[in-house]
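What follows is the residue order along each chain.
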Amino acid sequence: MAFWCKVMFLVGLALVHAEPAIVFSAAAPEPVQPESVPPEEYPFYDLAVEAKFLTSRTRLVVIERMTTTRLHPETPQLPTVAWFAEQGFFDGRLPKDLIRDFVAKVQRPARLDARFAFGARYRFVSGEGVPETEAAVTVVPAAWPVEEDGDGDALETLDRLAFSRVGLTLRGDQALLYVANQRPDTTGAGFLFWFVRRQGRWEIYDTDVLWVSRPDQNPSGRR
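If you're wondering where the values come from, they're calculated on a predicted model, not measured in any experiment. (Residues numbered from 1 in each chain as written. Predicted model: local features only at pLDDT ≥ 70, side-chain atom pairs only at ≥ 80, totals over all residues. Heavy atoms only, no water.)

Turning our eyes to something else, we now look at the overall build of the protein chain. Within the protein chain, the secondary structure is distributed over four helices and eight strands. Along the protein chain, helices (α) and strands (β) appear in the sequence α-α-β-α-α-β-β-β-β-β-β-β when read from the amino end. Across the 223 residues of the protein chain, 38% fall into the buried class. For the protein chain, contacts bridging at least 24 residues in sequence account for 61% of all contacts bridging at least 6. Surface exposure of the protein chain reaches about 13700 Å², of which carbon and sulfur atoms provide 55%. (Helix = DSSP H or I, 4+ residues; strand = E, 2+ residues; numbered from the N terminus. Buried < 20%, exposed > 50% of the residue type's maximum accessible area, 1.4 Å probe, protein only. Contact = heavy atoms within 4.5 Å. Areas by Shrake-Rupley, 256 points an atom, 1.4 Å probe, with all protein chains shown as cover.)

Spelled out as structure tokens, the structure:
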């Protein structure tokens, strides 16, 4: 009995003089950074801009920094394969694997970088239109000056374009892209571009208009 009392006394003494335990708390996880759009998708952006939006008078293009996940201003939910089937875009001729890849890619926004090559200056904006300093071709000052051509006419600013990610077929011979041009005066339109690759070169095969907004109208075209 005396032996066990002595053992208990020594254990208690050790606990009294023990160093306090150090408790490590788990570090807060770092916020997930959005992925960047792969370089191979930018040629599709360039083709769409040059074919549908760019004119000889365009001197600046304003671009949403993040890709869009919405294909209609009045449709807040993310697109689904079933939704595509209901809309009947391109008279239902889109390949199913192209739709699936496009829908999968537009579920989350991605960051656009200075990789455009459509031949005009451009500038990124974020959120409510706050201009960013990064530009391409020529650095654009924060206060955009009104330029004039040789005839004294004001040159145009294309404000603004929002791009989706680019969907591809499993064979890599067809592509799908959504581009919206929603202007500050609330007018604009949204387009789907269907690309095909012929003899190793990509070209726009067809275009479908998803929505149009005119003065005093909502994006569906109704007053």
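Continuing now.
What follows covers the layout of surface pockets. Looking at the largest pocket, its volume works out to about 430 Å³. As for the largest pocket, its lining consists of 20 residues, and the residues nearest its centre are Glu64, Thr68, Ala162, Ala180 and Gln182. Looking at the lining of the largest pocket, its residues break down into nine nonpolar, seven polar and four charged. The computed volume of the second largest pocket comes to approximately 180 Å³. Every residue along the wall of the second largest pocket is listed here: Val81, Phe84, Ala85, Gly88, Phe89, Gly92, Leu94, Lys96, Ile99 and Arg100. (1 Å grid on protein atoms, 1.4 Å probe; cavity = no way out; pocket = protein on both sides within 12 Å on 5 of 7 lines; lining within 4 Å. Points joined across faces, edges and corners; volume = space filled by probe spheres on them. Nonpolar A, V, L, I, M, F, W, Y, C, P; charged D, E, K, R; others polar.)

So, about the pairing of strand S8 (residues 201-213). For a regular strand, the rule is simple: side chains alternate between the two faces of the sheet. Pairing of strand S7 (residues 188-198) with S8, which is carried by eleven bridges, proceeds in the antiparallel orientation. Bridging across to S8, Leu192 finds its partner in Asp208. Between S7 and the antiparallel strand that follows it, S8, lie two residues; Gln199 among them carries a positive phi value of about 50°. (Pairing = 2+ DSSP bridges.)

What follows deals with the environment of Phe118. With respect to the element layout, Phe118 can be found in the loop between helix H4 (96-105) and strand S2 (121-126). Residue classification places Phe118 among the buried positions, given a relative accessible area of 4%. Along the backbone, Phe118 and Leu54 are 64 residues apart, and their C-alpha atoms lie at a distance of 8.3 Å. Here Phe118 is in contact with Asp46, Val49, Glu50, Leu54, Val61 and Ile63, once residues within four sequence places are set aside.

Judged by nonpolar contacts, the single largest core of 27 residues is most densely connected at Tyr45, Ile63, Leu112, Phe116 and Phe163. Elements with a minimum of two residues in this core: helix H2 (42-53), strand S1 (58-64), S2, strand S4 (156-163), strand S6 (174-182) and S7. Considering every element that reaches this core, the biggest residue donor is H2, with six residues. What Phe163 contacts, discounting residues up to four positions off in sequence, is Tyr45, Val49, Ile63, Thr67, Thr68, Leu112, Phe116, Tyr178 and Val179. Counting 20 residues, the second largest nonpolar core, distinct from the first, contains Phe84, Ile99, Tyr178 and Ala180. (Core = buried A, V, L, I, M, F, W, Y, C linked by side-chain atoms within 4.5 Å.)

This part is about the packing of aromatic side chains. A complete count under the given rule lists 22 aromatic pairs for this structure. Where Phe116 meets Phe118, the ring centres are 5.7 Å apart and the plane angle is 50°; that geometry is what we call tilted. Residue Phe116 is classed as buried on the basis of its relative accessible area of 6%. Their ring planes at 80° and their centres at 4.9 Å tell us that Trp194 and Tyr205 sit as a pair that is edge-to-face. Here Trp194, found in strand S7, pairs with Tyr205, found in strand S8; they are eleven residues apart in sequence, far enough to count as distant. A network of ring pairs unites the aromatic residues Tyr42, Tyr45, Phe116, Phe118, Tyr122, Phe124 and Phe163 as a single cluster. Across from the ring centre of Phe124, 3.9 Å away, lies the NZ or CZ of Arg65, which sits over that ring. (Phe/Tyr/Trp six-rings, centres within 6.5 Å; stacked < 30°, edge-to-face > 60°. Lys NZ or Arg CZ within 6 Å of the ring centre and 35° of its normal.)

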